[in-house]
Amino acid sequence: GESVGLHLPTLSVQEGDNSIINCAYSNSASDYFIWYKQESGKGPQFIIDIRSNMDKRQGQRVTVLLNKTVKHLSLQIAATQPGDSAVYFCAEKRTGANNLFFGTGTRLTVIP
Amino acid sequence: KAGVTQTPRYLIKTRGQQVTLSCSPISGHRSVSWYQQTPGQGLQFLFEYFSETQRNKGNFPGRFSGRQFSNSRSEMNVSTLELGDSALYLCASTLLTGSYEQYFGPGTRLTVT
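Residues numbered from 1 in each chain as written. Chains lettered and ligands numbered in written order. Predicted model: local features only at pLDDT ≥ 70, side-chain atom pairs only at ≥ 80, totals over all residues. Heavy atoms only, no water.

Broken down by element type, chain B carries zero helices and eleven strands. Rg of the C-alpha trace for chain B: 13 Å, near the compact-globule value of 13 Å for 113 residues, within the 12% margin. Every one of the 113 residues in chain B was classed for burial, and the buried ones make up 49%. Accessible area of chain B: about 5,300 Å², with a carbon and sulfur share of 48%. Charge-centre separation for chain B: the mean point of 11 positive side chains lies 4 Å from the mean point of 6 negative side chains. (Helix = DSSP H or I, 4+ residues; strand = E, 2+ residues; numbered from the N terminus. Rg over C-alpha atoms; globule rule 2.2 N^0.38 Å. Buried < 20%, exposed > 50% of the residue type's maximum accessible area, 1.4 Å probe, protein only. Areas by Shrake-Rupley, 256 points an atom, 1.4 Å probe, with all protein chains shown as cover. Lys, Arg positive; Asp, Glu negative; His and termini not counted. Charge placed at Lys NZ, Arg CZ, Asp CG, Glu CD.)

Residue and element names in this part refer to chain B. Per the counting criterion, the structure on display carries two disulfides over all chains. Bridging C23 to C91, the disulfide has an S-S length of 1.7 Å. Taking the sign of the torsion about the S-S bond as the criterion, the disulfide between C23 and C91, at about -50 degrees, is left-handed. Of this pair, C23 sits in strand β3 (residues 19-24) while C91 sits in strand β9 (residues 87-94); the two residues are 68 residues apart in sequence, bridging distant segments of the chain. On the accessibility criterion, C23 (0% relative accessible area) is buried. Given a relative accessible area of 0%, C91 falls into the buried group. (Disulfide = S-S within 2.5 Å.)

For the rest of this paragraph, the subject is the interface of chain B and chain A. Taken together, the contact between chain B and chain A spans 16 residues of the former and 16 residues of the latter. For the pair chain B and chain A, the summed buried surface comes to about 1,500 Å²; carbon and sulfur atoms form 55% of the total. Looking only at chain B, the three residues that lose the most surface to chain A are L43, Y100 and F104 of chain B, adding up to 41% of its buried area. At the junction of chain B and chain A, the tally comes to zero salt bridges. At the boundary of chain B with chain A, the tally comes to five residue pairs in polar contact (both at pLDDT 80 or more). Listed by contribution, the elements that provide at least two residues to the side of chain B that touches chain A are β4 (31-38), β5 (42-50) and β9 of chain B. It is β5 of chain B that contributes the most residues to the side of chain B that touches chain A, three residues altogether. (Contact = heavy atoms within 4.5 Å. Buried area = accessible area lost by both parts, 1.4 Å probe. Salt bridge = Lys/Arg side-chain N within 4 Å of Asp/Glu carboxyl O. Polar contact = N/O pair within 3.5 Å; in protein donor to acceptor, adjacent residues only side chain to side chain.)

All names here are of chain B. Strand order in this open sheet of four strands is β1-β3-β8-β7, and the pairing throughout is antiparallel. Looking at strand neighbours, the two that pair on one side only are β1 (5-7) and β7 (64-68), the edges of this open sheet. This sheet shows a mean twist of 20 degrees between the axes of neighbouring strands, independent of strand direction. Pairing between β1 and β3: three bridges, direction antiparallel. Counted as the bridge partner of Q6 is C23 from β3. (Pairing = 2+ DSSP bridges. Axes fitted to C-alpha atoms, helices over the stretch in contact; angles between N-to-C directions.)

Written as structure tokens, this is what we have:
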């Protein structure tokens, strides 16, 4: 069936290193993708988004890459900090649907 | 501007009972969506309300229902609770229906025993 999923459920990185979180999707009718960060005890927080007609978008310390050929999305965090420790979700907006479809999440742990 | 608020934050119920959760969206936002979050299934869409009307519904049984009031506040209800309903229930608000930027509340942690 169609799904939005993640390659790795957990990721540990050293403080100061770059982090890459990956996400695979299978619905080619998706026109918009979002990365969310969820800290313990909080709801998901918007990080960055990208439309399907783009392949790269940069924010503050974060970059999202979209490869529509292989239906792959990644979130790159530069100079990872302890405050980046959280669960990261990719979500997709499918054409014709108003709701978001979320992946299961990757837990990022930053080692000081 | 205040964020999305959800009450209660924690709730413990027993099987067979019913529960009502409340969500107040960001001031001026008119669309409210509800999601269920569990470790095994992740975030799953329940339904969306806009202008007091359900606009979109996920794949959940009829035991899950909701409504929206004229001030955009929303409630969701789960009847005949099952153990598998234990989850974090998240509410997200957007300015208009179909808007991509959803702002989430902290959630209500429901435990069914």
